[in-house]
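Below, each chain spelled out in residue letters.
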Number of protein chains: 4
Amino acid sequence: MHFASDNGGPCPPQILQALAEANSGYAPAYGADAVTQAATDHLRRLFEAPQAAVYFVPTGTAANALALATLVQPFQTVYCTPMAHIREDECNAPEFYTGGAPLTLVPGSDRMTPEALRQSMGAPGRRAVHHAQHGALSLTNVAEMGNVYTVDEIAALCAVAREADMPVHLDGARFANACVRLGCTPAEMTWRAGVDVAVFGGTKNGCLGVEAVILFDSERAWEFELRRKRAGHLFSKYRYLSAQMMGYLQDDLWRDLAGQANARCDALAQGLERLGVEIVNPTFANMLFIRLPRRVHTAVMARGAVYHLWEGAEGPADEVVTGRLVCDWSVSEEAVAGFLQAVESEL
Amino acid sequence: MHFASDNGGPCPPQILQALAEANSGYAPAYGADAVTQAATDHLRRLFEAPQAAVYFVPTGTAANALALATLVQPFQTVYCTPMAHIREDECNAPEFYTGGAPLTLVPGSDRMTPEALRQSMGAPGRRAVHHAQHGALSLTNVAEMGNVYTVDEIAALCAVAREADMPVHLDGARFANACVRLGCTPAEMTWRAGVDVAVFGGTKNGCLGVEAVILFDSERAWEFELRRKRAGHLFSKYRYLSAQMMGYLQDDLWRDLAGQANARCDALAQGLERLGVEIVNPTFANMLFIRLPRRVHTAVMARGAVYHLWEGAEGPADEVVTGRLVCDWSVSEEAVAGFLQAVESEL
Amino acid sequence: MHFASDNGGPCPPQILQALAEANSGYAPAYGADAVTQAATDHLRRLFEAPQAAVYFVPTGTAANALALATLVQPFQTVYCTPMAHIREDECNAPEFYTGGAPLTLVPGSDRMTPEALRQSMGAPGRRAVHHAQHGALSLTNVAEMGNVYTVDEIAALCAVAREADMPVHLDGARFANACVRLGCTPAEMTWRAGVDVAVFGGTKNGCLGVEAVILFDSERAWEFELRRKRAGHLFSKYRYLSAQMMGYLQDDLWRDLAGQANARCDALAQGLERLGVEIVNPTFANMLFIRLPRRVHTAVMARGAVYHLWEGAEGPADEVVTGRLVCDWSVSEEAVAGFLQAVESEL
Amino acid sequence: MHFASDNGGPCPPQILQALAEANSGYAPAYGADAVTQAATDHLRRLFEAPQAAVYFVPTGTAANALALATLVQPFQTVYCTPMAHIREDECNAPEFYTGGAPLTLVPGSDRMTPEALRQSMGAPGRRAVHHAQHGALSLTNVAEMGNVYTVDEIAALCAVAREADMPVHLDGARFANACVRLGCTPAEMTWRAGVDVAVFGGTKNGCLGVEAVILFDSERAWEFELRRKRAGHLFSKYRYLSAQMMGYLQDDLWRDLAGQANARCDALAQGLERLGVEIVNPTFANMLFIRLPRRVHTAVMARGAVYHLWEGAEGPADEVVTGRLVCDWSVSEEAVAGFLQAVESEL
């Protein structure tokens, strides 16, 4: 009953298999190999973006920070939500990579509205020299509280950014989960809506560690490559990043894995609703936030469930606190059933 | 006949096997798993350094840059050779990670002498405020032209650094090849000789992509962890880095692989000497630099040998130019024999 | 009737006189001259801090950014208010100088409470590696809306910072105005209350361009000096910074200038209160925020008053908007009387 | 007999007078004042560059570092000589401001030849991703050993830079001394020869502390302004920088001061030649390098001469060492005569 995160589960056999297949004989280094070409081409087709520049890096933090550094100057600012992963969970990586561009937090939780964005930005033009200039908009889908922006919502936010000539970055650590939930194509969720650079995450959805950064406008591709190398994120044995991605892409494995994770989460939500448990957020992908007295959480954990409490494990037993449940592809039906049973017993 | 680099060959089955074994069920993220603990403990024993802080990162550039950033302040300088990988092949990663500390190039080729280092440094104390201050010494073993510092040479250089209270970083992308060649222990080649932070490379010697950074003094371990996270080099699914390292360490695989690579290089060298080919550097590990007319190189390449020419492939056919041959663990006896035959035919 | 800022008025003759006096013959460069020694000693006596390290830089932004860079690591964060000058008016200088440490905005306006600070900080200890670590607290006195922290309030905030071992920086661009208003000594407003590094501003209170940075603990003084040089803020002809500071310090000129500015502001406030004008903030030093219909502001400006409107000059004539009035030392009694008359006529 | 540097002498009365004149009444901040406009216009006329962007900063290090940061990306490199001020005397300021772009040292002393530059650069096009890319060429005139590049030499070096599309920065801390020596116009020494950004130094030639940065192509002017603000180098009371520059420019004071300094240096050189003293460098502006036994230097210093020894004051008395003599505008004929007499007595 592992619901702590989607980075704790194993890797599906198809991906290890792809790794093994790529491991034959000598291959040119630094991405000049055939597997890399194949994975790149596959992603260009998938995103309907034949001109896009496609790069693989091992972590989401690297993907986001490199993307932002390519889009933003150090005297500018990046707009994001107060809960954004780039703000809360990357230990200043965006500031490091951009050379010190601060984040401006658009009020809200894990998502923002066009109105809130516009208000945070103020006038779209050049600001006085004393102020950080408009740099980029950074969105996350699936967002940190499990919210999923619709395609229209993304488009509306991108339109506001465009008023100030700001490019848009999409943190897609859970891109697959959002895409499957929305039933849209990758192109619809990204460049068709106005996104300039998207991160297509593999790690949280089953890969060992690989994220694709896709620059729909390849004008700054060479700069991205140099920044990647300078950050130590250019793999010499690049084929092993590409092979993971190939395994992930082939036969739409990425969709299947995300679909399975989302389905388990749905099952969890439905079961919990039946039990009358308060669920924080009606829209969700593979993350669920539930409110229960701390003692119920604790008892359920004692029965083997692993997950995190927002307000911490320490505190009054009767306090109603939020538990975060994340389903990765490997969560079984038994785990879901077991969890529901545990909650039912303790309520 | 692939001698272009030691990053083009495949991964030995033991390492893929270790990956597969680590891929069972759920594991805590970010290095809190059992495989990580096992690999860390193994390295501490191997280096006879029970208190050392041990971290895994995916590339040598990341390993070097993070190590230097932990040792050096932005108003200091790092002493290295003009051919150092950190100078020539990391696209400014050291400057990026340290916040702008420049490299001071100690005259020489791929190695330096204590005298040259002392002369570059000048007086060991505080320098005037206008100048970059003494920061760290960075050594590389095996060095870029195939030279191997002996343990005594390392100790002599570390002693000069110590006069100025400078810590010492060892770039060990080819640590195993040097260690096997010297017939010394890892401890002798590092902390016993005065090295403060060593990179124990896995990638060039058979791993998919993993390097261990070993801080013999763990005082700045927490800072290293934060800098690693901030750089996007903390893997969430850390077990897959650790598993590679475990496979690499178990049954002294790392020594066997390096021994095999070195042996092939020896065989190449002996064969070439017999043929009267000029070899640039008498001491070597798994790299060889040979001098032949460009037309001979070209003809040998036409027979299937893959390697690089120092002065470039374009140029007068009769010009004697330097070819760099690198053996990784996977180079076969047949490849060596084939290469020698090709040279013999073309001489 | 110039109330736009305290950086538009002229320099009092005593300071130009001190410059002229310092301008005789040859003097050692970079601060090794006698005037620098005298100004440094004077400040040490004034702050009752004989061991303090004292440095002069030409701008407040340089003073703040260098102070923060000396206190904070790039993987930490600085706590300040949403209106802090370091956030709003320094174009990312703190992030530049610290190497990318972000600011965490403690909810409030231009001042914070200990409770709000504690809540923003969370637990005082080491945070998970994913998060920016506790770095420093940055306070401003006089704050941006004219508020003045009392000595007790400063002490209470410093105490919260101390719980997390965070040093405290005081932005004292208007140090003199606050100090005079509070009737306290410089020591009481700084190190006795728990401040580690204070900026004693000269520029806004009459100097051409000089701020003193005072490190009460001189342990990191040498680092400060190197950072200052590296930033291009070490004047070769340092005596001309020091001479300004000497002129500013001699015969307590700094107090007289601030007292005069504060008195003019008091007179403005009293006159406006008599006229029934809404004043935003009951506590003030030399800044006043008044609420009037935009058309009244506009009409008063047409009569020669120069100041800024918070919500901009464009907008509905009847909208009640906030005007910011700042008095520097050079504002005359006639200017105050003229302003009051202008408002009275237009009400 | 002060010959230690040209930053130790006093400021000529015309400049203090200009400061005093600018010190009347209120003036808009941050460069929107009339004095700034006048000084800017004057420089545009002087440089025959009506479209140039002109900025004033207080130090040469700031001027150089801001100029380079505007020209260079962090993954590029700047070519300069091993003795360049930006390398030896700015405590890593270029690396700080550019975000970590290293300097590549073109072999030579304080000057380079087109051939040496071309050899350091290698091929002019894009380099492999592992290497720092071509960024900018930085020249210094007067160079650090007193050498003066001719206009043709500058043009030849700029032409090499242009082959790789690299812009050219001119460190003109002693611009006036070079310009007067060459008998050329400022335009000839800069943009007509191919320089993109020039620093027109005031500080070493009599100002309190002001340097003009002139961007002949104003395309990146706004970026420069933001970088300047971000670095704390935008003066709020900007008029006091501009006033210094106005005083320096009016009636060609800058030429007169440099001419006087150069003339004193000529007199020194001629006198020393008559005495048979070895002079290192036949070409000079206001700097002279002389070779004498250390005991002669020491004895001359004991008679009141102040200057620096290249190899340090400590060492064998009979060792022939190099003394650096710098004349600023304020060096008197008596000081020159006194120095010659002292040398003569001690030889």
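No experiment lies behind these values; they were computed from the predicted model shown.

As a further point, take the domain arrangement of chain A. Residues and elements named next belong to chain A. Partitioning chain A into domains gives domain 1 (13-252) and domain 2 (254-345). The distance between the C-alpha centroids of domain 1 and domain 2 comes to 28 Å. The interface is formed by 25 residues belonging to domain 1 together with 22 residues belonging to domain 2. Interface area, domain 1 with domain 2, both sides summed: about 2,000 Å², of which 55% is carbon and sulfur.

Moving on, we come to the interface of chain D and chain A. The interface of chain D with chain A comprises 20 residues on the first partner and 20 residues on the second. Between chain D and chain A, a total of about 1,800 Å² is buried, with carbon and sulfur atoms accounting for 69% of that surface. Ranking the residues of chain D by area buried against chain A places F75, V129 and W222 of chain D at the top, with a combined share of 35%. Our count for the chain D to chain A interface comes out at zero salt bridges. Counting every contact that joins chain D to chain A gives four residue pairs in polar contact (both at pLDDT 80 or more). Element by element, the count of residues in the side of chain D that touches chain A is highest for helix α10 (residues 221-230) of chain D, at seven residues.

It is worth spelling out the sheet that holds strand β9 (residues 287-293) of chain B at this point. All names here are of chain B. Taken in spatial order, the four strands line up as β8-β9-β11-β10 in an open sheet, and their pairing is antiparallel. In this open sheet, the two strands that pair with only one neighbour each are β8 (278-279) and β10 (308-309). Helix α12 (residues 253-274) rests against β8, β9 and β11 (320-326) of the sheet, and its axis sits at about 25° to β9.

Note on the copies: chain A fits chain B at an RMSD of 0.0 Å, the axial shift is 0.0 Å, and the rotation between them is 180°. One copy is carried onto the other by what is essentially a two-fold rotation axis. Closest to the rotation axis within chain A is the C-alpha of A231 of chain A, separated from it by 3.6 Å. Interface overlap between copies: 100% of the residues of chain A at the interface are likewise at the interface in chain B, consistent with a symmetric, same-surface contact.

Turning our eyes to something else, we now look at helix α14 (residues 333-346) of chain C. Residue and element names in this part refer to chain C. Under the 1.5 Å per step criterion, the end-to-end length of α14 is 20 Å for 14 residues, consistent within 8% with the ideal 20 Å. By the burial criterion, the buried members of α14 are A335, V336, F339, L340, A342 and V343. For α14, the buried positions fall inside an angular range of 160° around the axis, keeping them on one side. Exposed side of α14, more than 90 degrees from the buried face: E333, E334, Q341 and E344 are the residues found there. On its buried face, α14 sits against α12 (253-274), β9 (287-293), α13 (294-302) and β11 (320-326).

Here the focus is the state of the cysteines. Residue and element names in this part refer to chain B. Evaluation of the coordinates by the stated rule reveals zero disulfides over all chains. The structure places no disulfide on C207, whose sulfur is separated from the nearest cysteine sulfur, that of C11, by 6.5 Å. In this structure C207 comes out as buried when scored by relative accessible area, which is 0%.

Residues and elements named next belong to chain C. Closest axis-to-axis distance for the helix α6 (residues 114-121)/helix α7 (residues 151-163) pair is 9 Å, and the angle between their directions is 20°. The pairing of α6 with α7 is recorded here as roughly parallel in orientation. With respect to the hand of their crossing, α6 and α7 are arranged in right-handed fashion. For the pair α6 and α7, the contacting residues are P114, L117, R118 and M121 in the first and A156, L157, V160, A161 and E163 in the second. Among the residues forming the contact of α6 with α7, the class breakdown is seven nonpolar, no polar and two charged.

For the rest of this paragraph, the subject is the interface of chain A and chain B. With 45 residues of chain A at the interface, the matching set in chain B holds 45 residues. A combined buried area of about 3,900 Å² lies between chain A and chain B, and 61% of that area is made up of carbon and sulfur atoms. Together, Y26, F96 and K237 of chain A form the three largest contributors to the area buried by chain A at its contact with chain B, with a combined 21%. Where chain A meets chain B, there are zero salt bridges. The tally of links from chain A across to chain B stands at 23 residue pairs in polar contact (both at pLDDT 80 or more). For the side of chain A that touches chain B, the secondary-structure elements that each account for two or more residues are α1 (13-22), α3 (60-71), α5 (93-98), α10 (221-230) and α11 (239-249) of chain A.

Once chain D has been moved 0.0 Å along the axis and rotated by 180°, it coincides with chain A to within an RMSD of 0.0 Å. The overlap is high: 100% of the interface residues of chain D also sit at the interface in chain A, so the same surface is used on both sides.

What counts and how
Residues numbered from 1 in each chain as written. Chains lettered and ligands numbered in written order. Predicted model: local features only at pLDDT ≥ 70, side-chain atom pairs only at ≥ 80, totals over all residues. Heavy atoms only, no water. Domains from an automatic or database assignment. Contact = heavy atoms within 4.5 Å. Buried area = accessible area lost by both parts, 1.4 Å probe. Salt bridge = Lys/Arg side-chain N within 4 Å of Asp/Glu carboxyl O. Polar contact = N/O pair within 3.5 Å; in protein donor to acceptor, adjacent residues only side chain to side chain. Helix = DSSP H or I, 4+ residues; strand = E, 2+ residues; numbered from the N terminus. Pairing = 2+ DSSP bridges. Axes fitted to C-alpha atoms, helices over the stretch in contact; angles between N-to-C directions. Least-squares fit on C-alpha atoms with pLDDT ≥ 70 in both. Expected span 1.5 Å × (residues − 1). Buried < 20%, exposed > 50% of the residue type's maximum accessible area, 1.4 Å probe, protein only. Arc of directions from axis to C-beta. Disulfide = S-S within 2.5 Å. Parallel < 35°, antiparallel > 145°, perpendicular 65-115°, else oblique. Left-handed = near helix turned anticlockwise from the far one by under 90°. Nonpolar A, V, L, I, M, F, W, Y, C, P; charged D, E, K, R; others polar.

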